[in-house]
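Listed below, chain by chain, are the residues.
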Amino acid sequence: MSTHTDRLHDRKFVRTFFTTPTAVKGEDDSAKMLRRAAQLSGIEAPDVWVPDNEDATAPSMRDEGIENIIDVLSEHGADVPGEIHPRVVWHRESPETRYQGFQQILELADPENGAVEHLDGVVIPEVGDIDDWKKADEFITIVENEHGLEEGSLAMSVIVESGEAELALGDLREEMGKPSNNLERLFLLVDGEVDYTKDMRAITPTGELPPWPELRHNTSRGASAAGLIAIDGPYDDIRDVEGYHERMTDNQAKGMLGIWSLTPGQVVEANKSPLPPKNGSWLLEVDDREIELEAEDGRYVYEGDAIELEEAADDRYRLSVGGDEQELDGDELSQELLDLASYIPSLNDIVDSMEEFEAAKEAGKGAIAMERSATIAIDGVEVEISNDRMWDEATYQAAQTPITLFQDVYENRPDQHEDLEEMYGEDLVERAMVVG
Amino acid sequence: MSTHTDRLHDRKFVRTFFTTPTAVKGEDDSAKMLRRAAQLSGIEAPDVWVPDNEDATAPSMRDEGIENIIDVLSEHGADVPGEIHPRVVWHRESPETRYQGFQQILELADPENGAVEHLDGVVIPEVGDIDDWKKADEFITIVENEHGLEEGSLAMSVIVESGEAELALGDLREEMGKPSNNLERLFLLVDGEVDYTKDMRAITPTGELPPWPELRHNTSRGASAAGLIAIDGPYDDIRDVEGYHERMTDNQAKGMLGIWSLTPGQVVEANKSPLPPKNGSWLLEVDDREIELEAEDGRYVYEGDAIELEEAADDRYRLSVGGDEQELDGDELSQELLDLASYIPSLNDIVDSMEEFEAAKEAGKGAIAMERSATIAIDGVEVEISNDRMWDEATYQAAQTPITLFQDVYENRPDQHEDLEEMYGEDLVERAMVVG
Amino acid sequence: MSTHTDRLHDRKFVRTFFTTPTAVKGEDDSAKMLRRAAQLSGIEAPDVWVPDNEDATAPSMRDEGIENIIDVLSEHGADVPGEIHPRVVWHRESPETRYQGFQQILELADPENGAVEHLDGVVIPEVGDIDDWKKADEFITIVENEHGLEEGSLAMSVIVESGEAELALGDLREEMGKPSNNLERLFLLVDGEVDYTKDMRAITPTGELPPWPELRHNTSRGASAAGLIAIDGPYDDIRDVEGYHERMTDNQAKGMLGIWSLTPGQVVEANKSPLPPKNGSWLLEVDDREIELEAEDGRYVYEGDAIELEEAADDRYRLSVGGDEQELDGDELSQELLDLASYIPSLNDIVDSMEEFEAAKEAGKGAIAMERSATIAIDGVEVEISNDRMWDEATYQAAQTPITLFQDVYENRPDQHEDLEEMYGEDLVERAMVVG
């Protein structure tokens, strides 16, 4: 069963954590959703699939849920392209619930049931202090021993949805090394903001979830310090695609590259989100809003009203930004626009820059200037802007994160090769796989 | 004296922490403010009243302050509707101040002085590491023993106003269980941002206090993990009622439902703030500003200039939001406005939703869709909008926080029954008391 | 060598942490930049100068770098007005790099090389857990012992650029007291956001660094709790002076008064930033933007378009703020403008207020109202505004931070006396040195 450990340590990044009810009451085929989710592939299939025998499934249906997981995994498990980590029940304050969770894992991992060879691990919700995490770990160790699995071969992911679990994130690195536990099996640290909000007794006027930036930071930091992977919780306004994207962008700036997905539509968005865009784009920032410029015949055209530009006499220009007017010469104008502009590099741009830096390093240089220039058109007036950024080893390594993620996806998800090649072209995919 | 423990554990929420000088120099009746505060009742009386023998009282008046507290408590203590927790002196870096604090507690709790039966606990300012908290706890244990009070019967609240006290918040849960202390007496964790700012050596251009979001998060999380109650520090621009409200709304989204009050006016605002509103309201968000719509004949009317709407030919509409114009059909228009709209539910709405979910649960359903619809009028054009939100057990429990607070207030503050019934009506109060 | 310890504990504040490459490949004089930096003085010289033998210097040049540091310190060290703390190599995950770091320190501190008497300490990058910090501390202890230096006389500063180092910030206070280490030598806690971003695997669309507010808070709090000094990392858009200032203002509100400087230009800006301004200024806030008013003949004139004011009949006024119009009487108008206004006090204002409070305290008062009034002119209409702020001991102490910093600069940087006197005038400098 060493395949578990091997497979587990293959993933350095997880983009999607997709939960599916394990049994739906009153349906002829109570495992229908489970069966459908098991058959997703390509960009529609998640990196981690979570048959959810906790909140997504009614309490009275959970025994049937475990049977459904076993059936569906036996039948379709071999074809699931991502990892499979069912969520069982658990609660830091209920020994009854914890014992039920133990029994569920015991059942799932029983070789006689034929599902264990497709089982990568389990997800434990509602954990508390680190000592509570150890209780779950110990149950999994016992399960492994009972069923002849290698110790540590079943991964354990947790949902961080209480103040004490958030505090435990700071203890992980130290506790994971201790001989009396197998916490090295830890895999994902997943924020659960609904229950966390309840546990923190927070209130917002509209009933929306608070943003909890500190929780997400602490989860991301805990993952970084302990070599684990941080995942944000569910975004429950499932029609709000733009809001989901904004949340992911915010998460990514915190080092949290994965997110919970509640629907197949969210899986697709979340699979694509941390990948660099196909095409680069220039933005201008006015009044704290960023407006993307239209690429047209090699120029980038601003079409809003907040910036106005016209030529004045004597090679001078009148520039008005958000109502503030200035008269500038050509160099000043270029400088002023450069301050407002920023560039979002494409995958191709990132690969180019990395290759350029790697060549420079081989030639013995420690730092080089990367130039980026463009022609920006506002009200018909064209302005050249150009910026230099110093790249040293640290810049290079920080820029590498999206590339490492890309490579991790490519290596672990052969079912997405076609999608990636369609998005970026074969040549670029090849170059992105060898750089870094 | 077991009444202390009983009463202490009654409160799950504290809205107001109202400090009053214990003695004012040069006044004929130096206890006048204390006497007046002791006689507040109803919505004007705080949940926790703090005769403040530290910063609010001049150092030379503090002996007199203790005598005043004893006098006023003996006389009026029985009628004070909230709890009484005087603040004594303490400093993590001064054994002299700590010994003074010990003597003050010894005096306050002396049964011969006749105040102790109204004394719920004491507030310890300027604490440091957890070991410093233990010193205060030990003094209180000694006081309890000397005066024949039950161990742990006097509550201890602390002011978190140093980096080391903030760090100690992470140790509470673990330390509170140890047999060599009585830290279970802990009650309120109160942020003290003025001294914290000094201790952190922070500077702002205008001299205003920094917002310290991380401190407030850590205090709230510490309270959540250790079963305590988090209170934000003083808002010292006492004329700025709007600012006080914004601060409280921000705190509530962090799980910090109580706040320091410096004046009777602030007490009233803070008592009301975490209670749900009497009437629900619809908001539209434009350019990061939320505008409340006017309820008029069952419609919600937008009266600003930032959104413009007119009918065009062929059942289409022209909608302009913050200068961006779109032409939309009826469904698109409704969807667009729904994205801009949010609803602040009333107490009645929350009780309705909870009752609906409880009924569904009894009927065997785990999740139901809650619909909320309205007619919005902009420039005379009426648009129907309607949104669905999925409620499951977790949503239900998170929505319950304001109701639990309401019930806690109602049970512990009979003096506010009249105010609550006046605000909400008797029927609604009754329903809110049985739901959940 | 006890001078090290003495000097070390002299600095309570550090404004500037200026790194300089120790050797530049292919230059005739590879130490040219080092030599130039050593000769800076006055407002152009940093509080802490860091000959950087790590990232700023190519790996192949680092042996030469150490020789250059030794040469330049022997020659110019006595004249360097700030402290000197070279950065050596180190990595929590590489024993090879750590051993190289040890050898570099051994070399730098060898009395035969003649540099040690000008060496105040070393900077250790890429630290991990607190146990990793102890490894560096132990090497420095061995170096001190080998070279006959007093134990603890060489300061140690660290770059916090990993999740585990951020977590270690919470352990410092406890660990620094232990007899088996000399961590009392710790001096600066410096954030390194480029490598931190890599370590946290964060991504931003443009490749800019995330703002990492929690890291900066935790560093500042760690410094406060352990009696150390917090420094923010490099701001690498070196032409963006305004952005550098905004970053410093944001840092200062977090208690982080020092910042990394990459260029002599940044050193000058960072040296001045935490000092109070020469002249006070009034601001009006409209739509979240603060506009500074022009001082003209004792009035403060608003010259923008966002606020409009005109007199109406019957001593009433029409005030329009960001499009919202109101009709007000004189008192209401004054109150309305007071709500929009804020004042940035000058050094002189702060000294005045402190002197006033000190006089009141001597006269036996614990709290006094400080009044600040001004005539504001909008569209030719003049309005008097006046605000009161209560000052008590805590307010006084919090206001004192910029003065304590000023005094610390004056005492430790005689080479900046002339600059300070030019900025503020001799009289004010004298008063600022005796207040508090």
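Since the model is a prediction, treat every value here as computed from it, not as a measurement.

Remarks on the overall build of chain A
Now for step 1: When helices and strands are tallied, chain A shows 17 helices and 18 strands.
Now for step 2: Its C-alpha atoms give chain A principal-axis dimensions of about 85 × 55 × 45 Å.
Now for step 3: Across the 436 residues in chain A, those meeting the buried criterion constitute 57%.
Now for step 4: In chain A, 71% of the contacts between residues at least 6 apart in sequence involve partners at least 24 apart.
Now for step 5: If you sum the accessible surface of chain A, you get close to 18,000 Å²; carbon and sulfur atoms cover 43% of it.
Now for step 6: Counting 36 positive and 101 negative side-chain charges, chain A places the centres of these two groups 4 Å from one another.

Description of the relation of the copies chain A and chain C
Now for step 1: Screw-axis analysis of chain A against chain C gives a translation of 0.1 Å along the axis, an RMSD of 0.1 Å, and a rotation angle of 120°. Taken together, these values place the two copies in the relation of a three-fold axis. Relative to the rotation axis, the C-alpha of E214 of chain A is the closest in chain A, positioned 4.1 Å from it.
Now for step 2: Looking at chain A, a mere 3% of its interface residues are interface residues in chain C too, so the copies touch through different faces.

Notes on the interface of chain A and chain C
Note: interface size is frequently given as the accessible area lost on complex formation between the parts.
Now for step 1: Counting residues at the interface gives 36 residues for chain A, matched by 29 residues for chain C.
Now for step 2: Between chain A and chain C the total buried area reaches about 2,700 Å² when both faces are included, carbon and sulfur atoms providing 52% of it.
Now for step 3: On the chain A side of the contact with chain C, R173, H217 and R221 of chain A bury the most area, a combined 19% of that side's loss.
Now for step 4: In this structure, the connection of chain A to chain C is made through 4 salt bridges.
Now for step 5: R173 of chain A serves as the salt-bridge partner of D129 of chain C, at 2.7 Å between the closest nitrogen and oxygen.
Now for step 6: Our count for the contact surface shared by chain A and chain C stands at 10 residue pairs in polar contact (both at pLDDT 80 or more).

Digging into the packing of helix α16 (residues 417-424) of chain A against helix α17 (residues 426-434) of chain A
All names here are of chain A.
Now for step 1: Close contact between α16 and α17 brings their axes to 7 Å; oriented N to C, the two are set at 110°. One way to sum up the angle between α16 and α17 is to call them roughly perpendicular. Side by side, α16 and α17 meet where L420, E421 and Y424 of the first sit next to E426, L428 and V429 of the second.
Now for step 2: Classifying every residue of the contact of α16 with α17 by side-chain character gives 4 nonpolar, no polar and 2 charged.

Topic: unusual backbone geometry
Residue and element names in this part refer to chain B.
Now for step 1: A positive phi angle, near 55°, is found at R201, a position not held by glycine.
Now for step 2: Positive phi, normally seen in glycine, also occurs at D379, with a value near 50°.
Now for step 3: Residue position: D379 is located in the loop between β17 (368-378) and β18 (381-391).
Now for step 4: The partly exposed category is assigned to D379, whose relative accessible area is 45%.

Section: the sheet that holds strand β9 (residues 281-286) of chain C
Residue and element names in this part refer to chain C.
Now for step 1: In space, the 3 strands of this open sheet follow the order β10-β9-β16, with antiparallel pairing throughout. The sheet is open, and its two edges are formed by β10 (289-292) and β16 (341-344), each paired on a single side. Here the average twist between neighbouring strands, direction ignored, is 35°.
Now for step 2: For β9 and β16, the ladder comprises 4 bridges, and the chain directions are antiparallel.

Notes on the interface of chain A and chain B
Now for step 1: At the junction of the two partners, chain A supplies 29 residues and chain B supplies 36 residues.
Now for step 2: With both sides pooled, the region where chain A packs onto chain B buries about 2,700 Å², and carbon together with sulfur makes up 52% of that total.
Now for step 3: Per-residue buried area on chain A facing chain B is highest for L167, R201 and I203 of chain A; these three make up 26% of the total on that side.
Now for step 4: At the junction of chain A with chain B, the criterion picks out 4 salt bridges.
Now for step 5: For the pair chain A and chain B, the number of links is 10 residue pairs in polar contact (both at pLDDT 80 or more).
Now for step 6: Secondary-structure elements contributing two or more residues to the side of chain A that touches chain B are α6 (163-168), α8 (193-199) and α9 (213-226) of chain A.
Now for step 7: Among the elements that take part in the side of chain A that touches chain B, α8 of chain A stands out by supplying 5 residues, more than any other.

Some thoughts on the relation of the copies chain A and chain B
Now for step 1: With an RMSD of 0.0 Å, the fit of chain A onto chain B corresponds to turning through 120° and sliding 0.0 Å along the axis.
Now for step 2: When the interface residues of chain A are mapped onto chain B, a mere 3% of them again fall at the interface, so the copies present different faces.

Considering the confidence of the model for chain A
Now for step 1: Per-residue pLDDT for chain A averages 93, and the proportion of residues at 70 or more is 98%.
Now for step 2: Among the prediction metrics, the complex's ipTM stands at 0.94, with pTM recorded as 0.95.

Side note on the pattern of salt bridges
Now for step 1: Counted by the stated rule, this structure contains 108 salt bridges over all chains.
Now for step 2: The residue D29 of chain B makes a salt bridge to R35 of chain B at a minimum N-O spacing of 3.6 Å.
Now for step 3: In this structure, E327 of chain C engages R318 of chain C in a salt bridge whose closest nitrogen and oxygen atoms are separated by 3.6 Å.
Now for step 4: You can call R318 of chain C partly exposed: its relative accessible area is 28%.
Now for step 5: Because the salt bridges share partners, they merge into one network encompassing R11, R15, D47, D408, R413 and D415 of chain A.

Remarks on the UniProt feature "domain: Malate synthase H C-terminal" (unreviewed entry) in chain A
Now for step 1: On the UniProt side, "domain: Malate synthase H C-terminal" (unreviewed entry) is annotated at positions that read residues 282-397 of chain A here.
Now for step 2: Secondary structure across residues 282-397 of chain A comprises 28% helix and 51% strand; the distance between its end C-alpha atoms is 23 Å.

Comments concerning the side chain of R98 of chain C
Residues and elements named next belong to chain C.
Now for step 1: By the element assignment, R98 lies in helix α4 (residues 95-108).
Now for step 2: No salt bridge is formed by the buried R98. Its closest oppositely charged neighbour is D132, at 4.3 Å.
Now for step 3: In this structure the side chain of R98 is engaged in a polar contact, spanning 3.1 Å, whose partner is the backbone oxygen of H91.
Now for step 4: If near-sequence neighbours (up to four positions away) are discounted, R98 is found in contact with W90, H91, R92, E93, D132, K135 and F139.

Quick notes on the UniProt feature "domain: HpcH/HpaI aldolase/citrate lyase" (unreviewed entry) in chain A
Now for step 1: The UniProt feature table records "domain: HpcH/HpaI aldolase/citrate lyase" (unreviewed entry) at residues 44-254 of chain A.
Now for step 2: The annotated region residues 44-254 of chain A carries 42% helix and 13% strand content, and the separation between its end C-alpha atoms amounts to 25 Å.

Structural notes on the pairing of strand β13 (residues 307-311) of chain A
Residues and elements named next belong to chain A.
Now for step 1: Pairing of β13 with strand β14 (residues 316-321), which is carried by 5 bridges, proceeds in the antiparallel orientation. Paired with I307 across the bridge in β14 is V321.
Now for step 2: In this structure, the hairpin formed by β13 and β14 is closed by a connection of 4 residues, where D314 is found at a positive phi of approximately 55°.

What to know about the environment of V14 of chain A
All names here are of chain A.
Now for step 1: Within the fold, V14 resides in the loop between α1 (3-10) and β1 (16-21).
Now for step 2: Given a relative accessible area of 2%, V14 falls into the buried group.
Now for step 3: Here the alpha-carbon distance between V14 and V127, two residues 113 residues apart in the chain, equals 21 Å.
Now for step 4: If near-sequence neighbours (up to four positions away) are discounted, V14 is found in contact with D47, V48, F187, L188, I229, I231, L257 and G258.

Details of helix α4 (residues 95-108) of chain A
Residue and element names in this part refer to chain A.
Now for step 1: Helix length check: α4, at 14 residues, gives a terminal C-alpha distance of 20 Å against a target of 20 Å (1.5 Å per residue), a fit within 8%.
Now for step 2: Along α4, the residues classified as buried are T97, R98, G101, F102, Q104, I105 and L108. All buried residues of α4 fall inside an arc of 160° around its axis, so they share one side. In α4, the exposed positions that point more than 90 degrees away from the buried face belong to P95 and E96.

Some thoughts on the pairing of strand β5 (residues 155-160) of chain B
All names here are of chain B.
Now for step 1: Burial runs high along β5: 6 of the 6 residues are buried.
Now for step 2: Neither face of β5 is open: one carries A155, S157 and I159, the other M156, V158 and V160, and all of them are buried.
Now for step 3: Relative to β5, strand β4 (residues 121-124) runs parallel, the two sharing 4 bridges. Note on β5: the bridge partner recorded for G121 is A155.
Now for step 4: Viewed along the sheet, the connection from β4 through helix α5 (residues 130-146) into β5 turns out right-handed.
Now for step 5: In this structure, β5 lies alongside strand β6 (residues 186-191), joined through 4 bridges in parallel fashion.

Criteria and thresholds
Residues numbered from 1 in each chain as written. Chains lettered and ligands numbered in written order. Predicted model: local features only at pLDDT ≥ 70, side-chain atom pairs only at ≥ 80, totals over all residues. Heavy atoms only, no water. Helix = DSSP H or I, 4+ residues; strand = E, 2+ residues; numbered from the N terminus. Buried < 20%, exposed > 50% of the residue type's maximum accessible area, 1.4 Å probe, protein only. Contact = heavy atoms within 4.5 Å. Areas by Shrake-Rupley, 256 points an atom, 1.4 Å probe, with all protein chains shown as cover. Lys, Arg positive; Asp, Glu negative; His and termini not counted. Charge placed at Lys NZ, Arg CZ, Asp CG, Glu CD. Least-squares fit on C-alpha atoms with pLDDT ≥ 70 in both. Buried area = accessible area lost by both parts, 1.4 Å probe. Salt bridge = Lys/Arg side-chain N within 4 Å of Asp/Glu carboxyl O. Polar contact = N/O pair within 3.5 Å; in protein donor to acceptor, adjacent residues only side chain to side chain. Axes fitted to C-alpha atoms, helices over the stretch in contact; angles between N-to-C directions. Parallel < 35°, antiparallel > 145°, perpendicular 65-115°, else oblique. Nonpolar A, V, L, I, M, F, W, Y, C, P; charged D, E, K, R; others polar. Pairing = 2+ DSSP bridges. pLDDT = per-residue confidence, 0-100. UniProt positions renumbered as here; feature names shortened; annotations may be inferred. Expected span 1.5 Å × (residues − 1). Arc of directions from axis to C-beta. Right-handed = clockwise from strand over helix to strand, strands pointing away.

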